Amino acid sequence: MAFIWAFFEGETFVIFGGMGAKLGIINLYWLVGSVWIGSFMGDQVWFWLGRRWGKRALARFPSADAHACRVLNWLERYGVAFILVFRFLYGVRNIASVAIGTSGMRWSRFLFWNFIAAGIWAWTFAGAGYLFGEAAAAIGEDGPKILLLTGLAIGGLWIGVKSFRWVRRRALAATNPAE
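Residues numbered from 1 in each chain as written. Predicted model: local features only at pLDDT ≥ 70, side-chain atom pairs only at ≥ 80, totals over all residues. Heavy atoms only, no water.

Concerning the overall build of the chain
- Within the chain, the secondary structure is distributed over eight helices and zero strands.
- For the chain, the sequential pattern of α-helices and β-strands runs α-α-α-α-α-α-α-α.
- Projected onto its principal axes, the C-alpha coordinates of the chain cover approximately 55 × 50 × 25 Å.
- Scored against the burial criterion, the 179 residues of the chain give a buried share of 33%.
- Accessible surface computed for the chain: about 11100 Å², of which carbon and sulfur atoms make up 69%. (Helix = DSSP H or I, 4+ residues; strand = E, 2+ residues; numbered from the N terminus. Buried < 20%, exposed > 50% of the residue type's maximum accessible area, 1.4 Å probe, protein only. Areas by Shrake-Rupley, 256 points an atom, 1.4 Å probe, with all protein chains shown as cover.)

Here we look at the nonpolar core
- The biggest cluster of nonpolar side chains holds 15 residues, and the ones touching the most others in it are Val-71, Phe-82, Ile-83, Phe-86, Ile-100 and Phe-110.
- If you list the elements that add at least two residues to this core, you get helix H3 (28-60), helix H4 (62-78), helix H5 (80-85) and helix H6 (93-102).
- The dominant element in this core, judged by the number of residues it contributes, is H6, at four residues.
- Setting aside chain neighbours within four positions, we find Phe-110 in contact with Asp-43, Gln-44, Phe-47, Ile-83, Phe-86, Ser-97, Ile-100 and Met-105.
- Ranked by size, the runner-up nonpolar core spans 10 residues in total, among them Val-14, Val-32, Ala-122 and Phe-125. (Core = buried A, V, L, I, M, F, W, Y, C linked by side-chain atoms within 4.5 Å. Contact = heavy atoms within 4.5 Å.)

Points about the environment of Phe-61
- Structurally, the position occupied by Phe-61 is in the loop between H3 and H4.
- For Phe-61, a relative accessible area of 51% translates into the label exposed.
- For the pair Phe-61 and Arg-106, spaced 45 residues apart in sequence, the C-alpha separation works out to 25 Å.

Some points on helix H7 (residues 107-139)
- Between the first and last C-alpha of H7 there are 47 Å, a value that for 33 residues agrees with the 48 Å anticipated at 1.5 Å per step.
- Listed in full, the buried residues belonging to H7 are Phe-110, Asn-114, Ala-117, Ala-118, Gly-119, Trp-121, Ala-122, Phe-125, Ala-126, Gly-129, Gly-133 and Ala-136.
- Just downstream of H7 lies Gly-140, where phi reads positive at about 125°. (Expected span 1.5 Å × (residues − 1).)

Points about H3
- Over its 33 residues, H3 extends only 42 Å from the first C-alpha to the last, a length that falls short of the 48 Å expected when each residue adds 1.5 Å.
- Trp-53 marks the point of greatest bend in H3, at about 80°. (Bend = angle between axes of the 7 residues up to and from the residue.)

Section: the packing of aromatic side chains
- Under the definition given, this model contains 11 aromatic pairs.
- Ring plane angle 10° and centroid distance 4.5 Å describe the contact between Phe-47 and Phe-110, whose orientation is recorded as stacked. Of this pair, Phe-47 sits in helix H3 while Phe-110 sits in helix H7; the two residues are 63 residues apart in sequence, bridging distant segments of the chain.
- Looking at Phe-47, the relative accessible area reads 0%, which means it is buried. (Phe/Tyr/Trp six-rings, centres within 6.5 Å; stacked < 30°, edge-to-face > 60°.)

Here's what the structure looks like:
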């Protein structure tokens, strides 16, 4: 299951998995290994889709094309460093791999750096979850419940803010159709 979540974008799942590792529910090394490979494979698939159909697909979706142009600028400016960090930028991961696939970067170069970056990502989020699990254990018996409720509250707040922004953008678009 962790493999599948990481294939698409599973930061939250990996953090909770790390907490579960600290609490003895799952083996930390199996978690890291599965999300490392899942993340790596997901980005490789997006890269190959970008290589094969990216330019045509992006031309059909102007908002995705605008994001891809921004990603390509970052890639040109920061090079390998961008490959190492794009997974950590919210909303960039999948479009970044597609855009990099359209860039003409050698597939072997992306394969190598993507593998390294996936490992960094896997250890970072699983490790963060493990540390949250330690904090939960330090709080006491109710620690996991407290951290879970805190995480749900933060997630609910995030969803609320995103929903508010989405509704506001749609309302502005409806009142200003010419823009």
